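# Structural features, examined
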Amino acid sequence: MFFGAGNLLLPPFIGLQIGHHIAITILAFGLTGILLPFLGVLSIVQSGNSIQDLGNRLHPLLAPILGAIIMLCIGPLIAIPRTAATTFEVGLLPLFPNFNPIWSAVLFFGITWCLTIVPSRVVDIIGNFLTPALLVLLLSLIIVGISNPLGAYSQTEISSSEAFALGFTEGYQTLDVLASVIFAGIIIAAAHAKGYQKTEEKSKVVIASGALSAICLFLIYGGLLYLGSTSNVADPQISRSALLIHIAKNNLGDSGMIAIALSIALACLTTAIALTSAVGTFFNQLTNGRLGYKTLVTTCCLLSAALSITGVDNIIQFAYPPLAFVYPIVITLVLYIVVFGRHVKSKLPYVGALIASTAIAVLSLIKVLGLWSAPILSIWNKIPLFEIDLGWALPSAIGFGIGYIISLRYKKISPSGN
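Positions within a chain are numbered from 1, following the residues in the order the chain's sequence is written. This being a predicted model, a pLDDT of at least 70 is required before a residue's local features are given, and a value of 80 or more before pairs of side-chain atoms are given or counted; all residues contribute to the totals for chains, interfaces and linings. Hydrogen atoms and water are omitted, and side-chain values are computed over all heavy atoms in the structure.

As a further point, take the domain arrangement of the chain. Domain annotation of the chain identifies domain 1 (5–317) and domain 2 (344–417). What marks off one domain from the next here is an automatic or database domain assignment. Taken over C-alpha atoms, the centre of domain 1 sits 29 Å from the centre of domain 2. Note on domain 1 versus domain 2: buried area summed over both sides is about 760 Å², and carbon and sulfur give 68% of it. Here the buried area means the combined drop in accessible surface, using a 1.4 Å probe, for two parts upon being joined, counting both sides. Summed over the three residues of domain 1 that lose the most area to domain 2, namely R57, L58 and F168, the buried surface amounts to 56% of that side. Each salt bridge in this description consists of a side-chain nitrogen of Lys or Arg and a carboxyl oxygen of Asp or Glu lying within 4 Å of one another. Taken together, domain 1 and domain 2 are joined by zero salt bridges. Pairs of N or O atoms within 3.5 Å make up the polar contacts considered here, provided that, within protein, one atom can donate a hydrogen while the other can accept it, and that residues adjacent in sequence are counted only when both atoms are side-chain atoms. Linking domain 1 with domain 2 are zero residue pairs in polar contact (both at pLDDT 80 or more). Grouping the constituent residues of the side of domain 1 that touches domain 2 by class yields six nonpolar, three polar and one charged. Nonpolar residues are Ala, Val, Leu, Ile, Met, Phe, Trp, Tyr, Cys and Pro. Charged residues are Asp, Glu, Lys and Arg, and all others, Gly as well, are polar.

For the pair helix 11 (residues 240–286) and helix 12 (residues 293–308), the least separation of the axes is 8 Å and the interaxial angle reads 130°. The angle between helix 11 and helix 12 falls in the class oblique. When you trace helix 11 past helix 12, the crossing you get is right-handed. Between helix 11 and helix 12, the contacting residues are T276, S277, V279, G280, T281, F283 and N284 on the first element and Y293, L296, V297, C300 and C301 on the second. The residue makeup of the contact of helix 11 with helix 12, split by class, is seven nonpolar, five polar and no charged. Between the N-to-C directions of two axes lies an angle of 0 to 180 degrees, each axis being a line fitted to C-alpha atoms and, for a helix, fitted only over the stretch in contact. The numbering of helices and of strands both runs from the N terminus, where a helix is a DSSP run of H or I of at least 4 residues and a strand a run of E of at least 2. By the definition adopted for this analysis, an angle is roughly parallel if under 35 degrees, roughly antiparallel if over 145, roughly perpendicular if from 65 to 115, and oblique otherwise. Take the far helix as the reference: if the near one is turned anticlockwise from it by less than a right angle, the crossing is left-handed, and if turned clockwise, right-handed. By the convention used here, residues are in contact when the closest approach between their heavy atoms is within 4.5 Å.

What follows deals with the pattern of salt bridges. Scanning the model with the defined rule gives two salt bridges in all. Between D313 and R240 there is a salt bridge; the shortest N-O distance is 2.9 Å. Remark: R240 occurs in helix 11 and D313 occurs in helix 13 (residues 312–340); sequence separation between them is 73 residues. K249 is the salt-bridge partner of D254, the closest N and O atoms lying 3.9 Å from each other. In this structure D254 comes out as partly exposed when scored by relative accessible area, which is 45%. A 1.4 Å probe rolled over the protein chains alone gives each residue an accessible area, and that area as a share of the maximum for its type sets the label: buried under 20%, exposed over 50%, partly exposed in between.

Take unusual backbone geometry next. Where the residue is not glycine, phi is negative for most of them; where a peptide bond is considered, it is trans in most cases. With phi around 65°, L175 is a residue other than glycine that occupies positive phi space. Relative to the assigned elements, L175 resides in the loop between helix 8 (160–170) and helix 9 (176–193). Residue classification places L175 among the buried positions, given a relative accessible area of 2%. Look at N288: it is not a glycine, yet its phi comes out positive at around 55°. In this fold, N288 is placed in the loop between helix 11 and helix 12.

Looking now at the nonpolar core. I70, I74, L178 and L323 are the most contacted members of the largest nonpolar core, which totals 116 residues. Among the elements that make up this core, the one with the highest residue count is helix 11 (17 residues). Each of domain 1 (5–317) and domain 2 (344–417) accounts for three or more of the residues forming this core. By nonpolar core we mean a set of buried residues, namely Ala, Val, Leu, Ile, Met, Phe, Trp, Tyr and Cys, connected to one another through side-chain atoms within 4.5 Å.

With respect to the helices, strands and loops of the structure, S304 is situated in helix 12. Along the chain, S304 and A85 lie 219 residues apart, while their C-alpha atoms are 9.8 Å from each other. If near-sequence neighbours (up to four positions away) are discounted, S304 is found in contact with P76, I80, P81 and F109.

Residues form patches when they are more than 30% accessible in relative terms and have no salt bridge. Like charges link within 9 Å. Nonpolar side chains (Val, Leu, Ile, Met, Phe, Trp, Tyr) link within 5 Å. Each accessible area value is a Shrake-Rupley result obtained with a 1.4 Å probe; residue values ignore everything except the protein chains displayed when judging cover. A contiguous nonpolar surface patch, about 430 Å² in accessible area, is contributed by L348, L394, I398, I402 and I406. Within the secondary structure, I398 is located in helix 16 (residues 393–413).

Moving on: helix 2 (residues 22–47). An α-helical segment advances 3.6 residues per turn. Residues three or four places apart therefore align on the same side. Compared with an ideal rise of 1.5 Å per residue, which puts 26 residues at 38 Å, helix 2 spans 36 Å between its outermost C-alpha atoms and is within 8% of the ideal. Axes are fitted to the seven residues ending at a residue and to the seven starting at it; the angle between these axes is taken as the bend at that residue. Taken as a whole, helix 2 carries its principal kink of about 45° at G30. Of all 26 residues in helix 2, 20 are buried; the element is thus mostly enclosed. One or two steps after helix 2, the chain reaches G48, where phi turns positive at roughly 155°. To estimate how far a helix should extend, the number of its residues minus one is multiplied by 1.5 Å.

As a further point, take the packing of aromatic side chains. Pairs were defined over the aromatic rings of Phe, Tyr and Trp, the Trp ring being its six-membered one, requiring ring centres within 6.5 Å. Orientation was assigned from the angle between planes: stacked under 30 degrees, edge-to-face over 60, tilted for the rest. According to the stated counting rule, one finds 12 aromatic pairs in the structure shown. Geometrically, the ring pair formed by F29 and Y221 is edge-to-face, given 5.0 Å between the ring centres and 85° between the ring planes. Taken as a pair, F29 in helix 2 and Y221 in helix 10 (residues 199–229) lie far apart in primary sequence, 192 residues in all. Overall, Y221 belongs to the buried group, its relative accessible area being 0%. Put simply, the rings of F164, F168, Y172 and Y327 touch in pairs and so form one group of aromatic residues. Ring-over charges, as used throughout, are those where CZ of Arg or NZ of Lys falls within 6 Å of the ring centre and within 35 degrees of the ring normal. Here the guanidinium or amino end of R240 rests over the ring plane of F13, the centre of that ring lying 4.1 Å away.

Packing of helix 5 (residues 79–92) against helix 6 (residues 101–117) leaves a shortest axis separation of 10 Å and a crossing angle of 120°. Put simply, helix 5 runs oblique to helix 6. The element helix 5 and its partner helix 6 pack so that their crossing is right-handed. Seen from helix 5, the contacting residues are I80, P81, T83, A84, T87, F88 and L92; seen from helix 6, they are P101, S104, F108 and F109.

Let us now look at the side chain of S304. Note on S304: relative accessible area 0%, which makes it buried. Among the polar contacts listed, one links the side chain of S304 to the backbone oxygen of C300, at a separation of 2.7 Å.

Moving on, we come to the confidence of the model for the chain. Across the chain, pLDDT averages 87, with 96% of residues at or above 70. A score from 0 to 100, pLDDT tells how confident the predictor is in each residue. For the chain, helix 7 (residues 121–147) is the element with the lowest average pLDDT, namely 78, and helix 12 is the one with the highest, namely 95.

Put into structure tokens, the structure is as follows:
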């Protein structure tokens, strides 16, 4: 469920930018693209069965508000149009160079709409077949690329700390931390169906499956980063899709490139169908049926189609501001619930951490939008790690500590208080 268009297109492009800084970058990308999504699922497991249970640990309104923002991001604003744009740029253009992106969007979302309105087992069957097939193709691509690199490491002027920041923030674009708190409900339901009912049992099976997934993703991401870094491409502004096609064609030849292109296109289609259905279901339930499922699916498809024709790179650029805002908030919630959830039951520490990280997220959003003047930005850069987009880390810890101290004082005054 987590391996989508962004997971495939991002690592090679990052590799092209960071040159020989492979190890530090895969570590950073692995934090936001592998470890934190895994912790996101675990935070739901420790809280209950869904994002609603996670939100209830702080406030009943948190889950609907945060859930709506997340669904818009992994739905019609970013993830769904990106699947269609990827299908066009990677799946269709190599085979039909003159194909129109508008007709591609119409075809893609026409199929998506039909199979979302009337769910079919065909989608599950294709999806279950395509993911292993795609991963086998990618593994073949990586093995060939490592055995016979296309060139030396790309030239770069960025430092190791800048490479870390790039890998960490580009990991936002996978959307996997956001998706994890939504997908967790499906994963937990699967665990229940297998007979794992207690929290300890669910945690054990999620940790085991998460560890296996993490190892596989680490190998794939690391390999794709390396292929990007040794792609022998001189233009750092090459599009993400063109870079992947270049790597596939030069390592596996035309037939290998076509196989990967078709697999990616079909995998993106099944992902879009699943996400569109999730968006329709979520907002239908959120509004208690006042917004109909079919209406929501239709609106989602139309909005996604309009955004998809702008292209993968433009969608990714558009995604930076909202992700710069929402990611620190979700990461803070996930981290503190996983680390302290079993021992700190009071809501105040978590509220304090969220308030602090939200304040920093607002500053980061203004920074990404380029609204700060240089003197003001230099002031905010004095916040520890703010310059590399991790400025929320220390303030959230301080907020958590203050909230915890207040909760202890409150308990002394009122032992029954929460």
